[in-house]
There are 2 protein chains.
Amino acid sequence: MARLPTIDDVARAAKVSRQTVSNVLNTPAIVKPSTRKRVEVAIRKLAYRPHASARRLRMRKSSTIAIRLDPMTNGISGALLDRFLHALTEQADARGIRILLFTAADPAAEIEQIRKLRAGADVDAFVLTATFHGDPRTEWLVENDVPFVTFGRPWGANDMNDPSHLWVDVDGFAGMREATIHLIDEGSSRIGFIGWPSLSGTGDDRRRGWQTAVKERLAFGDDDLAALDLSVEDRLEDARDAVVALLPSDERIDGLVCASDTLALGAMIAAASVGRSDLPIIGFDNSPVGQAIGLSSVDQTLDEVAAGALELLLGETGGDLVHRDAAAGNTRHRLITPHLVSRQPLRLLAPDAVSTPTATKNAVGNHRNGKE
Amino acid sequence: MARLPTIDDVARAAKVSRQTVSNVLNTPAIVKPSTRKRVEVAIRKLAYRPHASARRLRMRKSSTIAIRLDPMTNGISGALLDRFLHALTEQADARGIRILLFTAADPAAEIEQIRKLRAGADVDAFVLTATFHGDPRTEWLVENDVPFVTFGRPWGANDMNDPSHLWVDVDGFAGMREATIHLIDEGSSRIGFIGWPSLSGTGDDRRRGWQTAVKERLAFGDDDLAALDLSVEDRLEDARDAVVALLPSDERIDGLVCASDTLALGAMIAAASVGRSDLPIIGFDNSPVGQAIGLSSVDQTLDEVAAGALELLLGETGGDLVHRDAAAGNTRHRLITPHLVSRQPLRLLAPDAVSTPTATKNAVGNHRNGKE
DNA sequence: TTCAAAAGTTTGATCGTTCAAATCTTGAGT
DNA sequence: ACTCAAGATTTGAACGATCAAACTTTTGAA
């Protein structure tokens, strides 16, 4: 294949100068219609495309946003970030923005990667996921004036309204509250909550949604709240074992809401194994697993999350980066309200080996075990 | 933030010329050790990073590989490409290569995107997924001399060894054969196959794996093969309904192998609903769903697939593109052998509503329905 | 000591684009 | 016809790196 055509080739073909071609491409309004048409024909004929690297070198921007992709896919709900990535790519594409992926083992390595990408003018801005309290990454980014937006609130109290920190998040409180109220409307009157240990801001937010609903609508007291509030790690087996212990202790429980689909699935299995396979259970994330198994779940509308993230970074419509100070007056964050997707569940019957969870998996094959 | 340091800043600080700094970075061997050290110190002190766009403009390469990311996540097995993407990103990162995402609604749009990315010198090479027979994309890429590798064989007979088409694929035949033989070793003697209609090369490949195993080890005749070979679309409901019909028709069936986890999950539900929840079933893909539900499955070792793809594009170790003709003598493709991951399954009990599949889902919520 | 070859370093040109300033063209008002 | 401003187009410089060739220094053998 011959050398790709440059702007000069087009200029020659249309008998105009470089700059006029450039103007046709970037500011068509200032070019006389007749010449513009001539140039456009030449562009089409030569199938000319601007050389992105050259443009970047001159303009000092790349129309590219980077996001870290973790090596490991952590089970059921792990696909959430993948779904976000799909939505983000799609939305970005519509704005002429592209998504670059990178990996990093830890926050320090991620910062180094960011520095490299940034210095190379490869990337205009960054999308951070899985932020945590006192995250060193956001601190560094603010300090070095690197544009970014996070999927996830900064949970530190004063950070929440820090104008230099743009963020989008899903309103776990509202989602969990809607789920709980839905169960109440369907007739449940004693609803338990399966969540994570009280370290994660996200988990506590969802827990408060349940608390608020049962206090308002079922007049739960503190005793009830404590008795029906379970905290386990986000593992199917842990949720299962916890719920197996919970249900016989309180026969009146007639509903469960869970902080994730993983927990919900564990709860479903537990309920079935103690003869309560009719127990209504609602999860969170609307994962593919949940969809397949007929689990009702709170759906994080990731399209809206992705759109919000790009809006904060790039403004309402364009593809150009808005400097964060220039966005004065606009909100610096978006809180997306998720919505319940209700399904008729499959009923599960647990395996015989509920009591020996570690034995439920074993790899076979001559080369390597399956990783999760 | 002040202007980022350039190579000239470093040169000045180290009292050498541009080019020497460049040499320290790219061909350190030809620089005298004493000066090299001086330059390295200056680089560290200024925290200098080469400007990627400038380098690309000069070198005409980008160290970036692009891959299309589909907007939709099609259910259970759809996550396969996501898992591949994770593996690819990780492996690429180790070689100093980055992954750029783009979207396209159809093959024609994808070709246009590729043309744009290519012309902009944004991307050195492309990874194509979900190739099909007579794929216009591969044709165009070969014709325009654009480097690429596909995840998926070209199923056209002569294309398979076309030296200009690099490909990596998973050996579905071997995987399905292993799965079938595993069931036989565990005591099954009449094993059915649930696959896709005979259009997809992938599906037929897996079917042949089952056929070969049961012919060799169970001495199946053509009648048996036909009676135990089901073809349905890759939907849980379809598989369920088909298996519900199959099992009562032949009481001796004591095992099923399926072309995907989606089908396998449908089969599990069907088996449970006709009182055969003990029926051994093996899926394909080792999806997160399957992992959660304890489904035995054939795992596509995507690490190896990703590594293979990069090896074909870039050679054994480096980050530099190998021109496909320069790779003469080496193989132009990789066929990865997948391996069975055996698990103890949860037993499922189907819902009452098996007979009315369309009613198993309904969205609730005041704003919008959950999309899939 | 001399000189050519090898090793090390510097200079000028170049990649393809956009910006800033300069130049040329058009048109209205007098 | 003349002037001046606004409109349209062109030219030179810059972005930050690498390549190729020129130049300078060191090395080793006669």
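Keep in mind it's a predicted model, so treat the numbers as computed, not measured. (Residues numbered from 1 in each chain as written. Chains lettered and ligands numbered in written order. Predicted model: local features only at pLDDT ≥ 70, side-chain atom pairs only at ≥ 80, totals over all residues. Heavy atoms only, no water.)

(A) Region of interest: the sheet that holds strand β6 (residues 191-195) of chain B. Residue and element names in this part refer to chain B. Here we have six strands laid out as an open sheet, ordered β7-β6-β8-β9-β10-β12, and mixed in their pairing. Bordering the open sheet on either side are β7 (229-231) and β12 (339-341), each of which pairs with just one other strand. The mean angle between the axes of side-by-side strands here comes to 20°, regardless of whether they run parallel or antiparallel. Pairing between strand β10 (residues 296-299) and β12: three bridges, direction antiparallel. Looking across to β12, one finds that Asp 299 is bridged to His 339. Along the sheet, helix α9 (residues 201-218) makes contact with β6, β7, β8 (255-258) and β9 (281-284), crossing β6 at roughly 175°. (Pairing = 2+ DSSP bridges. Helix = DSSP H or I, 4+ residues; strand = E, 2+ residues; numbered from the N terminus. Axes fitted to C-alpha atoms, helices over the stretch in contact; angles between N-to-C directions. Contact = heavy atoms within 4.5 Å.)

(B) Structural view of the protein's contact with DNA strand C. What surrounds DNA strand C is a group of 28 residues, the closest being Ile 7, Gln 19 and Tyr 48 of chain A together with Arg 18 and Arg 60 of chain B. The sugar-phosphate portion of DNA strand C accounts for 59% of its atoms within 4 Å of the protein, the bases making up the rest. In this structure, a phosphate oxygen belonging to DNA strand C sits 2.8 Å away from a main-chain N or O atom of His 51 of chain A. (Near = heavy atom within 4 Å. Polar contact = N/O pair within 3.5 Å; in protein donor to acceptor, adjacent residues only side chain to side chain.)

(C) Representation of the sheet that holds strand β10 (residues 296-299) of chain A. All names here are of chain A. The strand order across the open sheet formed by six strands is β7-β6-β8-β9-β10-β12, and the pairing between neighbours is mixed. Where the open sheet ends on each side, the last strands, each with one partner, are β7 (229-231) and β12 (339-341). Averaged over all pairs of adjacent strands, the angle between strand axes in this sheet comes to 20°, irrespective of strand direction. Note that strand β6 (residues 191-195) and β7 share three bridges and pair parallel.

(D) Region of the structure containing the environment of Asp 70 of chain B. Residues and elements named next belong to chain B. Take Asp 70: it is sitting in the loop between β1 (64-68) and α5 (79-94). With a relative accessible area of 17%, Asp 70 lands in the buried category. Taking the C-alpha atoms as reference points, Asp 70 and Asp 82, twelve residues apart in sequence, are found 9.9 Å from one another. (Buried < 20%, exposed > 50% of the residue type's maximum accessible area, 1.4 Å probe, protein only.)

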